[in-house]
Amino acid sequence: AAPEGKPILVVCPAVAKGVWAREAKKWRPDLRVTTLSGRGSFRWPQAGELVAVNYDILPKELPPGCPAEMTAIADEAHATKNGKSQRSQRWNSIAEEVRKLGGRTWLLTATPILNNPFELWAVFSAAGIEREAFGSWNGFIRAFNGVKGRFGYEFGKPTAEVPEMLRKVSLRRKKTDVLKDLPAKIYEERAAELPKDAKKACDAALEALDALVDRKS
């Protein structure tokens, strides 16, 4: 879906860089593919190039020369769910610069957001789509029935409009949509006999934990 001839930056976990390089060569042979490693190696992609870099080596200060009309992709984007983390702030700096120059930012993840609306707001903010989805901060709070308590916001049940708000800015793919041949999960319980020394170690650990709980109570 990325435009031909334009620069592409992929930010992902280190273990995924090789996957991106392999799949890009398979599906987009028109792209030159480069993977960056080591602190200080960050650079912007050139026209027709895909550069893959891991979150851990994103720079504190962005180098000049961000190209116009670039596509920046955050893979495993749930990594940006804490808006105060260094990782999120560095990605957000890149994303804002890219969008300022007429580019686009895409986020990909297959990891569910835990039941914390603030994490959803942070991830949407990482793509610059939070206000497109909810209209405003107050609109977001209302959508999740948030009320201010003594220790911050407490959230109730989301309103009926929330699914449509999410559909405006995101595309959900289910396993059954993209992996039709994958069988359903099978759950089994299997008992395993522990070796005597392992059983003794587990029993000792449980006794120590029980003693600690007793002392604290």
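Definitions and cut-offs
- Residues numbered from 1 in each chain as written.
- Predicted model: local features only at pLDDT ≥ 70, side-chain atom pairs only at ≥ 80, totals over all residues.
- Heavy atoms only, no water.
- Helix = DSSP H or I, 4+ residues; strand = E, 2+ residues; numbered from the N terminus.
- Rg over C-alpha atoms; globule rule 2.2 N^0.38 Å.
- Contact = heavy atoms within 4.5 Å.
- Areas by Shrake-Rupley, 256 points an atom, 1.4 Å probe, with all protein chains shown as cover.
- Lys, Arg positive; Asp, Glu negative; His and termini not counted.
- Charge placed at Lys NZ, Arg CZ, Asp CG, Glu CD.
- Pairing = 2+ DSSP bridges.
- Axes fitted to C-alpha atoms, helices over the stretch in contact; angles between N-to-C directions.
- Core = buried A, V, L, I, M, F, W, Y, C linked by side-chain atoms within 4.5 Å.
- Buried < 20%, exposed > 50% of the residue type's maximum accessible area, 1.4 Å probe, protein only.
- Salt bridge = Lys/Arg side-chain N within 4 Å of Asp/Glu carboxyl O.
- Polar contact = N/O pair within 3.5 Å; in protein donor to acceptor, adjacent residues only side chain to side chain.
- Disulfide = S-S within 2.5 Å.

**Q** An account of the overall build of the protein chain is requested, with residue identities and associated values reported.
**A** Check the secondary structure of the protein chain and you find eight helices and seven strands. Expected size for 217 residues packed as a compact globule is a radius of gyration near 17 Å; at 23 Å, the protein chain overshoots this value by more than 25%. Across its three principal axes, the protein chain shows a C-alpha extent of roughly 65 × 45 × 40 Å. Long-range contacts, defined here as pairs at least 24 residues apart, represent 54% of the contacts in the protein chain between residues at least 6 apart. When the accessible surface of the protein chain is totalled, it reaches about 14900 Å², and 54% of it is carbon and sulfur. For the protein chain, the distance from the average position of its 36 positive side-chain charges to the average position of its 27 negative side-chain charges is 3 Å.

**Q** Give a detailed account of the sheet that holds strand β1 (residues 8–12), specifying residues and quantitative values.
**A** Across the sheet, five strands lie side by side as β2-β3-β1-β4-β5; this open sheet has parallel pairing. One side of each edge strand has no neighbouring strand; the edge strands of this open sheet are β2 (32–35) and β5 (104–108). When the angles between neighbouring strand axes are averaged without regard to direction, this sheet yields 15°.

**Q** Break down the nonpolar core for me, citing the residues and quoting the values.
**A** In this structure, Leu 9, Val 53, Leu 58 and Trp 91 are the most contacted members of the largest nonpolar core, which totals 21 residues. Taken together, the elements giving at least two residues each to this core come down to β1, β3 (49–54), β4 (71–75) and α2 (86–100). The leading source of residues in this core is α2, at four residues. Setting aside chain neighbours within four positions, we find Leu 58 in contact with Val 11, Phe 42, Val 53, Arg 90, Trp 91 and Ile 94.

**Q** Now, about the side chain of Lys 17: what can you tell me, with residues and values included?
**A** Mapped onto the elements, Lys 17 comes out in helix α1 (residues 17–27). Here Lys 17 sits buried without a salt bridge, and the closest side chain of opposite charge, Asp 56, lies 8.1 Å off (N-O distance). Discounting residues that sit within four places of it in the chain, Lys 17 has contacts with Cys 12, Thr 35, Leu 36, Ser 37, Ala 52, Val 53 and Asn 54.

**Q** I'd like a rundown of the environment of Val 53, residues and numbers included.
**A** Tracing the backbone through its elements, the reader meets Val 53 in strand β3. Taking the C-alpha atoms as reference points, Val 53 and Leu 36, separated by 17 residues in sequence, lie 5.2 Å from one another. Once residues lying within four places of it in the same chain are set aside, the contact partners of Val 53 are Leu 9, Val 10, Val 11, Cys 12, Lys 17, Leu 36, Phe 42 and Leu 58.

**Q** Describe helix α3 (residues 117–127), with residues and values.
**A** In an α-helix, one turn spans 3.6 residues, which is why side chains three or four residues apart end up on the same side. Most of α3 is tucked away: nine of the eleven residues are buried. Every buried residue of α3 is listed here: Pro 117, Glu 119, Leu 120, Trp 121, Ala 122, Val 123, Phe 124, Ala 126 and Ala 127. Here the buried face of α3 lies against α2, β5, α4 (130–134), α5 (137–143), β7 (152–155) and α6 (162–169). Sitting at the amino-terminal end of α3 is Asn 116, which places a side-chain oxygen 3.0 Å from the backbone nitrogen of Phe 118.

**Q** Could you give an account of the pattern of salt bridges, naming the residues involved and the relevant values?
**A** If you walk through the whole model with that rule in mind, you get eight salt bridges. A salt bridge links Asp 30 to Arg 28; its shortest N-O distance comes to 2.9 Å. Classification of Asp 30 by relative accessible area gives partly exposed; the value is 42%. With a shortest N-O distance of 3.5 Å, Lys 199 and Asp 203 are connected by a salt bridge.

**Q** Could you give an account of the state of the cysteines, naming the residues involved and the relevant values?
**A** Counting across every chain of the model gives zero disulfides. As a non-bridged cysteine, Cys 12 has Cys 66 as the owner of its nearest cysteine sulfur, 18 Å distant. Judged by relative accessible area, which is 11%, Cys 66 ranks as buried.

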